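Observations on chain architecture
The primary structure of each chain is shown beneath.
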Amino acid sequence: MKLHRKGRAALVLALVVVVAMAFRVSWNALRDIAGAIGADDTAATLYPFVVDGLMALALIATLVLAGRDRTFALRVLAAYTIASLVLNYVHGLVPELHGRTVDWGRLADWDPANWALVLLATSLPVGSIYFGSDLVAKVLHHRPTPTKAPIENTEESTETVRNRSSSDLAVSTLAPITPNVTVLPRPVAVGFLKSTVTAKPVHAIEQPTPAPIERRAAAAESPRPRGATGRVPEAARTPRPKRTPDELLDEARKATADWPDARLTAEGIRREVRTSPANARTLRDTLRAERGAQVA
């Protein structure tokens, strides 16, 4: 780190030396050009500071500023560098400028070139005032973007993490949070809040006993409702002829001749004789009456 800082300091010092020597070399040319366009001795002596000094200011602004402001400073630096180069070139082409024997306002024999050179030389001081103040304002109002400090051995740490498996990496755990519990004092009963009037006894209200709910068997619902049936056609009816009451009684006597009295029921007769419930009850009563008469 110390070597890095020393290298920067040496680089800046070398730049300052080079700029100072270049400024000294360009001094004579710019001073003679200023005298040729009508400047007195004091103005001619300060003229090189106006041109090359703004170049140094633009260079510093370029190092400080960023974004569009830095681009603007670079353009100012390039423009004044080209202007200084042109004036030094003209000073080398016109030997009369060295001894100040040239006429005032005459920097070239060709009139258009002379007018352009005079315009260039006279506009540089005004441009220095404008561009110099603008650059200084930008530098003073510039707020550098905060950058994170570089981490030492960044490459080594990256490789180390990359080569290690996920199970070897340390897992960061949050520190346990201790709740800040404040124990409040227990409430104390205050005597003056109690009522001194004797309350009347309140009789307990008898709760009615709920009646038990009887469970009734619900008829099972058919999953599929039966459709309405119409009249049975004659072809579908049983070809069995309708029996008379006497015939039914004879069949019931034969079927129940060996039945005990307990088995002699209307349902049993109905199933055996295959008749309606009403006829079965009539047959039951008749058979029971006959058996009672025989016993008597």
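Bear in mind that the values here come from a model prediction, so they are computed numbers and not experimental data. (Residues numbered from 1 in each chain as written. Predicted model: local features only at pLDDT ≥ 70, side-chain atom pairs only at ≥ 80, totals over all residues. Heavy atoms only, no water.)

**Looking at helix H7 (residues 245-255)**
Three or four residues apart is the spacing at which side chains of an α-helix point the same way, because the helix has 3.6 residues per turn. We count it as follows: Buried, partly exposed and exposed residues are distinguished by accessible area as a fraction of the type maximum, computed with a 1.4 Å probe on protein chains only: under 20%, between the cut-offs, and over 50%, respectively. In this text, helices come from DSSP runs of H or I with a minimum length of four residues, and strands from runs of E with a minimum of two, each type numbered from the N-terminal end. The directions from the helix axis to the C-beta atoms are what the arc is built from.
For H7, the set of buried residues is Leu 248, Leu 249 and Ala 252. The buried residues of H7 all sit within an arc of 100° when viewed along its axis, so they share a single face. Residues of H7 that are exposed and point more than 90 degrees away from the buried face comprise Asp 246 and Lys 254.

**Considerations on the packing of helix H2 (residues 41-64) against helix H5 (residues 111-140)**
Rule in force here: Lines fitted to the C-alpha atoms define the axes, with helices restricted to the stretch that makes contact. Angles between their N-to-C directions range from 0 to 180 degrees. Should an angle fall under 35 degrees it is called roughly parallel, over 145 degrees roughly antiparallel, and 65 to 115 degrees roughly perpendicular, with every other angle called oblique. Each crossing gets its hand from how the near helix is turned against the far one by less than a right angle, where anticlockwise is left-handed and clockwise is right-handed. Residue contacts follow a heavy-atom distance rule, with two residues in contact if any of their heavy atoms lie within 4.5 Å. Throughout this entry, Asp, Glu, Lys and Arg are counted as charged residues, while Ala, Val, Leu, Ile, Met, Phe, Trp, Tyr, Cys and Pro are counted as nonpolar. The remaining residues, Gly among them, count as polar.
Axis separation between H2 and H5 bottoms out at 9 Å; the angle between their running directions is 30°. In terms of orientation, H2 lies roughly parallel with respect to H5. H5 is crossed by H2, and the crossing has left-handed handedness. Between H2, through Tyr 47, Val 50, Val 51, Leu 54, Leu 57, Ala 58, Ala 61 and Val 64, and H5, the contact on the second element is made entirely by Ala 121, Leu 124, Pro 125, Gly 127, Ser 128, Phe 131, Gly 132, Leu 135, Val 136 and Val 139. Class assignment for the residues of the contact of H2 with H5 results in 15 nonpolar, three polar and no charged.

**Some remarks on a nonpolar patch on the surface**
Selection criterion: Here, patches come from residues exposed beyond 30% relative accessible area and free of salt bridges, joined within 9 Å for like charges and within 5 Å for nonpolar side chains (Val, Leu, Ile, Met, Phe, Trp, Tyr). Using the Shrake-Rupley algorithm and a 1.4 Å probe, accessible areas are obtained, with residue cover drawn only from the displayed protein chains. Put simply, a salt bridge is a Lys or Arg side-chain nitrogen that is within 4 Å of an Asp or Glu carboxyl oxygen.
A cluster of nonpolar side chains, contributed by Leu 13, Val 17, Val 18 and Met 21, occupies part of the molecular surface with about 380 Å² of accessible area. For Val 18, the position within the fold is in helix H1 (residues 2-36).

**Some remarks on unusual backbone geometry**
Unusually for a residue other than glycine, Arg 274 sits at a positive phi of about 65°. As for its placement among the helices and strands, Arg 274 is situated in the loop between helix H8 (266-273) and helix H9 (277-295).

**Digging into the packing of aromatic side chains**
Pairs of aromatic rings are described using the distance from one ring centre to the other and the angle between the two planes. Put simply, the rule is: Here the aromatic set is Phe, Tyr and Trp, taking the six-membered ring for Trp, and pairing holds for ring centres within 6.5 Å; pairs whose planes are under 30 degrees apart are stacked, those over 60 apart are edge-to-face, and all others are tilted. To sit over a ring, a charge needs its Lys NZ or Arg CZ within 6 Å of the ring centre and within 35 degrees of the ring normal.
Considering all chains together, one arrives at three aromatic pairs under this definition. Judged by centre distance (5.3 Å) and plane angle (85°), the ring pair of Trp 27 and Phe 49 falls under edge-to-face. Of this pair, Trp 27 sits in helix H1 while Phe 49 sits in helix H2, and the two are 22 residues apart along the sequence. Put simply, the rings of Phe 72, Tyr 130 and Phe 131 pair up and form one aromatic cluster. Looking at Lys 138, its charged tip hangs above the ring of Phe 72, at a distance of 5.5 Å from the centre.

**What to know about H5**
The cut-off we apply is this: Expected helix span is given by 1.5 Å per residue-to-residue step, counting one fewer step than there are residues. The angle between axes fitted to the seven-residue stretch ending at a residue and the seven-residue stretch beginning at it gives the bend at that residue.
Compared with an ideal rise of 1.5 Å per residue, which puts 30 residues at 44 Å, H5 spans 43 Å between its outermost C-alpha atoms and is within 8% of the ideal. At Leu 124, H5 is deflected by roughly 35°, the largest bend along its length, and proline Pro 125 occurs up to four residues later in sequence. Among the residues of H5, those classed as buried are Asn 114, Leu 117, Ala 121, Leu 124, Gly 127, Ser 128, Gly 132 and Leu 135.

Nothing here speaks to function; it is all geometry.
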